[in-house]
Each structure stands twice: as C-alpha cells, then as structure tokens.
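Per-entry structural report
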Amino acid sequence: MNRRTAPPFPAPAAGNPLKPRFEQAPVAHAVRSLLAWLALGALAVPGLGWAQPGGGDEALPSGLRLQTSPLLQENLPKAVESQLPTFVSGDRLSGQTDGLVVIEGMEGGAELRRHGTVIRADRLEFDQSSSDARAVGNVLINRSGNRFEGPELQINVETSRGTFAQPAFSLLNNGGQGDASRIDFLDEDRMAAHDARYSTCPRTPGQKWMPDWLVRATRIDLDNAEEVGMATGGVLEFKGVPILGAPYLSFPLSDKRKSGVLPPTINIDNISGLELTLPYYLNLAPHFDATLYPTVMSKRGVDLGGEFRYLDPSYNGEVRAAFMPSDRLRDSNRWGYSVQHNHRLQEQTGVRLLGLDNPVGLRLNLNRVSDDDYWRDFPRSNTSLTSRLLANEAVLSWARGPWSVEAGAYQWQTLQDVAAPITPPYDRLPSLAVRYARNDASIGGLGGWDWSVRTETTRFRADAVAAALDRQNGTRSLAVGEISRNWQAPGGYVKPRMQLHAAHYQLDDPLSTGTRSASRVVPTVSVDSGLVFERHANYLGRSFLQTLEPRAFFTWTPYRDQSLLPNYDSAANDFNFASIYTENAFGGNDRISDTRALTVGASSRLLDPQTGAEVVRLGIAQRYLLRDQNVVLPNAAGLPGGDPQLERLSDVLVGGRIQWDSRWSMDANVQFNPKERASVRTTLSGRYTPSNYRVLSAAYRLQRGSSEQFDIGWQWPLNDLWSTPVRNGASGQALGAGQWYSVGRINYSVPDRKIVDLVAGFEYDAGCWLGRLVVERLQRSSASANQRILFQLEFSGFSRIGSNPLKTLKDNVPRYQYLREEINPPSRFQHYD
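Below or above, wherever it landed, is the structure these notes cover.

Calculation rules
- Residues numbered from 1 in each chain as written.
- Predicted model: local features only at pLDDT ≥ 70, side-chain atom pairs only at ≥ 80, totals over all residues.
- Heavy atoms only, no water.
- Helix = DSSP H or I, 4+ residues; strand = E, 2+ residues; numbered from the N terminus.
- Buried < 20%, exposed > 50% of the residue type's maximum accessible area, 1.4 Å probe, protein only.
- Contact = heavy atoms within 4.5 Å.
- Areas by Shrake-Rupley, 256 points an atom, 1.4 Å probe, with all protein chains shown as cover.
- Salt bridge = Lys/Arg side-chain N within 4 Å of Asp/Glu carboxyl O.
- Patch = residues over 30% accessible without salt bridge, like charges linked within 9 Å, V, L, I, M, F, W, Y side chains within 5 Å.
- Phe/Tyr/Trp six-rings, centres within 6.5 Å; stacked < 30°, edge-to-face > 60°.
- Lys NZ or Arg CZ within 6 Å of the ring centre and 35° of its normal.
- Pairing = 2+ DSSP bridges.
- Polar contact = N/O pair within 3.5 Å; in protein donor to acceptor, adjacent residues only side chain to side chain.
- Core = buried A, V, L, I, M, F, W, Y, C linked by side-chain atoms within 4.5 Å.

**Some words on the overall build of the protein chain**
- In terms of regular secondary structure, the protein chain is built from 6 helices and 49 strands.
- In the protein chain, buried positions account for 41% of the 833 residues.
- By sequence separation, contacts in the protein chain at least 24 residues apart represent 51% of the contacts at least 6 residues apart.
- Accessible surface for the protein chain amounts to roughly 42800 Å². Of this, 57% is attributable to carbon and sulfur atoms.

Printed below as a string of structure tokens:
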C-alpha cells in the first residue's frame, strides 16, 4: 500500500561526495593495506594522482600536488567496483594463498570488508577462488547501510547472493526494522524475508521486540532498486490488533514515485454520509502520471474522479474530472472538470508561428460543473470548482522587446444561490490587446522617461441571466497612453505622470439617446512626491535607524459624463494605503473618476541597523477632494446608481506593524471617519511563533454595519502544559515521540452569535506513527454548513489509514506545520561500521 498522495514530479538528484574513512587492516597487513588503498584511490577516483610537469599549481618540494577529491562515493562504476580489494581482519587468521581463509575473533571480532559490504562474526570462512563467505556467531552484515544480525550467514561476496538464518534487520532509507526466520539475498538490491515482521518503530533491546505497529507476512520482498516492498499474506497490526489484511500489501522504501493503491480515505459528512475513497496512482512515465479517485457516498452514490498531470520543457498542466451517475439526493447526474494547461508553442514545433520569432504562449484555464449546487455538495473537489464563479479562459500571448500581444476568450459559469444571488460578469469573446512600452527612454535629450501605449478591443456578451438585468452587449475599443519620469535623490523623489484614456463603444442595442455608439476621452495628470529623513535612535535598550517619510500625491482628472456608457468591468477600489495614492477611484476601464484631490500621508519605520529588517512601521494618510466627485458606478440593472462624492475629506487611514523579533508580530489597520468620530473598518491581528510546531494567531475584523468577527488559530504541543517544553526549532522535525498537539482555527461572528467556521482537533506523535482527530464545520451559505469528523492513523514510512485532514489543516490553520517534513535521503555512510 502506497502511503503517499499523488507524489510530485521528481527533481534531479544532487551528488553526495564524502571524504574517505577506510579502516586499516591489522598490523600484520598494514603495509599491504596501505598500498592497496593508494592504488585504489589512484585507479577509482579522478583528481587524485601524481603531479604532472607543467601543472598550473606550484609543485610541492616532493613533487606531489595535493588536490581535493571525493574519495568515498555512494556508488562506484561497475568496472571499478569489480577491481576493488577485499580486506579481512581478526584476532587469528589462517589459510592458503588464493584458497580458503579462516578468520576468528572474540565477540564478532572477525571482519571482512568490501565496497558497500561489511561482515562481522565470531568466525569467518572466505574462499578467495569463489568469493564464498560463511559467518557463524554474532553475525552482522552491513550492505550499503542496511544492517542484518543473526547467528549464521552464507553469501557470495561477488554476486551478493546468499542466505541468513534468523536475522533481525534495519533498513537505511526509511528506518524500517524487522526480523524473519530466513532471508534470501537474491542479488545486490533484492532480498526475500520469510515468516517476517516489519515496522518502522525503533527496535528495543532484547528478543521480545513488539512495536506499536507491524506487518506480519509469510514473505516480504524488499527491492532497493525499485525502492518498494511487497508483503505476501500480510496483516497490519496496531497495538496488537489486526486492522488490515490483504493477500498482497505494497509499501514504499523511500519517497520514489510508483504505481499502486494509495491509502483509502474515510469521511463522515452530515450531507453526503459516509464517504470512502480508494485512490489508485499510475506512474505512467517520468513526465506524466495519473490518479484515480473512486468514491462511494452512502447517501449519494458513486463518484468517479481522476486526475492526469504532465510536465514537459515546453508545456505542462493537469486535468481533473469527476462524474456521479444518478445522485440520489439530487436525482440527476453530477459532473465537473478542470483543465489547466501552459504551452510555449514554438519551442516544441520549431516552426515560426504567425511569422513571429519569439515563442507564442498558450494558456488554458477551463472549469465547468453540471449545476448550481455543485460547489455546495462537493466541497472537497478541486479548489477551482468550489467557487461560485468558474473561469473558462483560452489565451495566446507573445512578447518581444517593448512589444507584447495577447488574444483570448474569457467566459464565466456563474453558480447562483437563491438566498444570495450574484451578478454574473460579462463574457469577453474575444479580446485582443497590444502594448508597446519603453523604460528609461530619452526624450528631448533628457533620459529616464517611461512611456507606453496600450490598445485593446473586446467583444462583451452577457449570458441569459445577465440579459434579464437589461445589460448591453457590445464591443469596446481602448487606447491608453501614459508617460512618467521619476526624479529621485537620496532624500526624496518627485514622479509626475500623465495619462490619456480613450474608449469607443459599439453597442447591439441603442442607448437612451437612440445611438448605438459612444466615445469618451479622459486626460489625467498626477504628481507623486515624498521625502525620507533618517536618524539613529534607541528604544527599550535597542539601537535603531528611524525614518520619517512624508508623502504627497496630487491628481487631476476633469469631469466627463459617462452615465450613458455600459459598465463591463469597472468596480470601486478597496479603500486602503495602496488605493489612496492612485488616480482612479475605480478599477477597470469603463469609469474614470473625476478625482481632483490631494492625498497627504506620512510613515515612520524602525530598522535594525545590522540587518536592515523592519521592526516597526507606522503610517497615516488622508485624501482631500478639491472638487466634488460626480462620476459614479451604475447599479446592478445598469442604471446610474449611487450619489456623487460630496464629502471633501476622506476617512483617515491609520496602520502599523510591529515585529520586535522573529517570534511575534502585530498588525493594525483602522479606517476612521473623523466626522462621525468612529472607525468604519478595523483589523487587528497578532501572531506568536516561538519555535517550530508552536504558533498562536488571533485577529479581530470589524466592518461597521456589515460584519464583526474574531478569528483564532493555533498549533501547540500539549505536553508543554505538564512537562518542560522541548525546543527543536532548527531541524524542522517534530519535537519527539510521545508528543500531543492541539491544532485548530475558530471564526466567530459577533452579530450572529455563532461560530461560522471551525476546524479543531488533536495530533499525537508516537515517533513511528501519528494519530489525528479533527472536527470540521465550514459555512457554505447563511442556512447550511458542511460538518465532518476526520480520523487518521499514519504509520511512518508505510501508509496512512482513515480520513485525510492534512489538507484541511494546511488550508485553514495559519502557519500549520506537518509533523513529518521531508528530509534529504540518508547516506549509507551513516551506518558505516
């Protein structure tokens, strides 16, 4: 059974050169061993040899030139390996040249060494002519870091074939432990253990080793080349209780991708009932794979899902799809699919496309579901399918130097909810945009100018639901020219900017004036400026570099009546520190606000003089309208809606951030209305992270008249409450066996007096296994929520059984850390004895 979800595509492995640590033979053989060692180094390892005349480095007085070189390597070439010498040592040695050699030693003191293999025993017999070895008494064999101990061993050192009686074994790659009545070494990489037990729990001293979990099998085949194990007639036991049995159980010996059955997942959902998923992973090729996700839902039926991924130097993507025939709760067929594809067309074909030299890029983002309730009924499907706005896009793009071209078709599927309807966006079928931009250009002999021209033509179309809102289909053509220059000095900057925004509309239906076309041209002038003052300061016994950064932003856009024009893509910008220093109060291109205003603000920062890290940041800003703002957005029906902006002084924005050290941080942002003397919107948040696997976060969000919420998240070892905290912040690994963790996130609505979203549970790390119990409640609408209980047992290096709460915890708990982060593959020299 494969313990992983669909694995990532492999990355090229990095070499692991290590310095030599050959052990010398006894004194009687010291000279011969030293000569063999020198001969081996010169023969097998490039870069080690005698100095050559005319070398670039100055020769040593003896004529030798020393060079760094990785003498010991994980793997040597076969041609070199066959020429390696064999070393033997012991308390007593007897035998004949090229014949049988007998080595004896007290308490395993007889030893035979060959590259990748070490054999120790009380008595060793080695036939030099056939390379057969027999070891008796306290036998230990180390094969490339895998250790086997038992009473008697027979093996051919050259072919690595042999038999070990009653061994206990330890595997390097995944920490696997076990024992058997007999192990047959089939070759250098494969072995078969008979009447075997296997676990990744550490071996305790003594003969009665009983780990928390183990696999009993009549035969376990271990293939280190394929890095996979296969148990025949296997039973998985946990705490002495059999929990899973199968004629064949496949499990990994590393994180290498392989085809096979992934661990089943079980969910208990308040809507769909009991959900059982049995995935199957297909490692089709190094650059593409597939995973099948058949799921049985007790209240609905069978959902047939799958995923296909591919990766190539010129293209990549993934396809996900699911089909449920005859959903019993909806009495209909349910389906959904998602396609993500990115392609550099010319790189693959080698043929010039459209006469263009540079590659043409293709991007596909296709998402579709069968009905409006899909996002609510299948909350654990692909993320793009759980939204109520599903994008369907096909885009061609090309760029060369200052030129860029983009042509695409953009369509949306809108999933409506009667209790909370949303206005569908316009489809853009098609859209063509061309942009020319120059940076640091010279105008009139003066350099440093940035200027650009962007043109775009788009056909907008409303779907059937949107058409009922009296929305207008038509074509919009844009031309936007812009020029700016930044004069910057060490103590400040001034950046003037000019823009001309022209648009022409050709509509299917006439406007109220009777015409089918309309145009408008709007110029904009702005000047952004700021100063930077610095001084050395000391607060709370700590030195800082303190800054004071006043900023002034002036913008002037004259009024142009745009009330008759359709609104295809404009919306009000969020009011924050970024938008208050911009020219247009709206996003998009259909409404250009007549903003004639001056924005004044200031910020101050405390910087660490050693690292430059920002420790404290405080800021304040307010906008003053020189004239009323008369351009407004239309309402949902397309008619002019809203009142002109007559209030000259905007709300005051106040924000700050404190991160005194890496352990904790605090953020605060307040939108304050000076006329009403009350905050309109407030966000306060803080986070405390003293070390790995310890994080506390809290947030308070207020939108006056709309919402007020508290948000608390955490991951913390419960053992801290009754024992001395274990700190392990450097390694990134879990804090040790026997650790309990509490993890969760709660979102509470003050006006509703109820919990909106809840994810809370416990994790237990026993070292060789982990247990998780998580309760999840996610609000899907004002009247309904999805609730489920997730339980999982993870057997380290083997498999996971139960539900899969890891994605839920990662998506919902800020800074959540998985207790089993991946580490670098171990080296055989870690067990070099």
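Still more ground to cover, so stick around.
**Some points on the pattern of salt bridges**
- Within this structure, the stated rule accounts for 51 salt bridges.
- As a salt-bridge pair, Arg-542 and Asp-608 come within 3.5 Å of each other at their nearest N and O atoms. Note that Arg-542 is positioned in strand β35 (residues 542-556) and Asp-608 in the loop between β38 (596-607) and β39 (614-625), a separation of 66 residues in sequence.
- Judged by its relative accessible area of 23%, Arg-542 is partly exposed.
- Under the relative-accessibility criterion, Asp-608 is labelled buried at 18%.
- Here Asp-661 and Arg-663 are joined by a salt bridge, their closest N and O atoms 2.9 Å apart.
- The class for Asp-661 is partly exposed, based on a relative accessible area of 23%.
- In the salt-bridge network here, residues are joined through shared partners; they are Arg-300, Asp-327, Arg-330, Arg-334, Asp-371, Asp-373, Arg-376, Asp-377 and Asp-417.

**Topic: a nonpolar patch on the surface**
- Together, Ile-266, Ile-268, Leu-274, Leu-276, Val-296, Val-302, Leu-304, Leu-773, Val-775, Ile-789 and Phe-791 make up a nonpolar patch on the protein surface, roughly 920 Å² of accessible area in all.
- Among the elements of the structure, β18 (265-269), β19 (273-277), β22 (301-311), β47 (769-779) and β48 (785-795) are those that each provide at least two residues to the nonpolar patch.
- In this structure, Val-775 sits in strand β47.

**Concerning the packing of aromatic side chains**
- For the coordinates displayed, the defined rule picks out 27 aromatic pairs.
- Ring plane angle 50° and centroid distance 4.8 Å describe the contact between Trp-740 and Tyr-764, whose orientation is recorded as tilted. Here Tyr-764 lies in strand β46 (residues 754-765) and Trp-740 lies in strand β45 (residues 739-749), a separation of 24 residues in the sequence.
- For Trp-740, a relative accessible area of 39% corresponds to the partly exposed category.
- With relative accessibility at 21%, the residue Tyr-764 sits in the partly exposed group.
- Here a set of aromatic residues connected by ring pairs shows up, and it is made of Tyr-198, Trp-213, Phe-238, Phe-251, Trp-740, Tyr-764, Trp-769, Phe-795 and Phe-798.
- Residue placement shows Arg-551 over the ring face of Tyr-581; its charged tip is 3.8 Å from the ring centre.

**Section: the pairing of strand β34 (residues 533-539)**
- Pairing analysis gives 7 bridges linking β34 to β35, with the strands arranged antiparallel. Paired with Ala-537 across the two strands is Phe-544, which belongs to β35.
- Following β34, the chain reverses through 2 residues before pairing antiparallel with β35; Leu-540 in that reversal takes a positive phi of roughly 50°.

**Notes on the pairing of strand β41 (residues 664-673)**
- The sheet contact formed by strand β40 (residues 652-661) and β41 spans 8 bridges and is antiparallel. Looking at the pairing, Val-652 lines up with Phe-672 of β41.
- Where β40 hands over to β41, the hairpin turn is made up of 2 residues, counted between the paired strands.
- In the sheet, β41 pairs with strand β42 (residues 678-691) via 10 bridges, with the strands oriented antiparallel. Its bridge partner lying in β42, Asp-667 is registered against Ser-685.
- Between β41 and β42, which pair antiparallel and follow one another directly, the connecting turn spans 4 residues, one of which, Arg-677, has a positive phi of 55°.

**Topic: unusual backbone geometry**
- With an omega of -5°, the peptide bond running from Leu-429 to Pro-430 counts as cis.
- For Glu-107, which is not glycine, the phi dihedral falls at a positive 50°.
- Relative to the elements of secondary structure, Glu-107 occurs in the loop between β3 (100-104) and β4 (110-114).
- According to the relative accessible area criterion, Glu-107 is exposed, its value standing at 75%.
- One non-glycine residue, Asp-440, adopts positive backbone phi at about 55°.
- Structurally, Asp-440 is set in strand β28 (residues 427-443).

**Here we look at the side chain of Asn-692**
- Checked against the element boundaries, Asn-692 lands in the loop between β42 and β43 (694-703).
- For Asn-692, a relative accessible area of 15% gives the class buried.
- Side chain to side chain, Asn-692 and Gln-817 meet in a polar contact 3.0 Å long.

**Side note on the nonpolar core**
- The biggest cluster of nonpolar side chains holds 45 residues, and the ones touching the most others in it are Leu-153, Ile-183 and Trp-213.
- If you tally residues by element for this core, the top one is strand β14 (residues 213-223), at 5 residues.
- In contact with Trp-213, other than residues within four places in its own chain, are Tyr-198, Ser-199, Thr-200, Cys-201, Leu-236, Glu-237, Phe-238, Cys-768, Trp-769, Phe-795, Ser-796 and Phe-798.
- Judged by nonpolar contacts, the second largest core, of 11 residues, contains Ala-462, Ala-503, Leu-507 and Leu-511.

These values are about where atoms sit, not about what they do.
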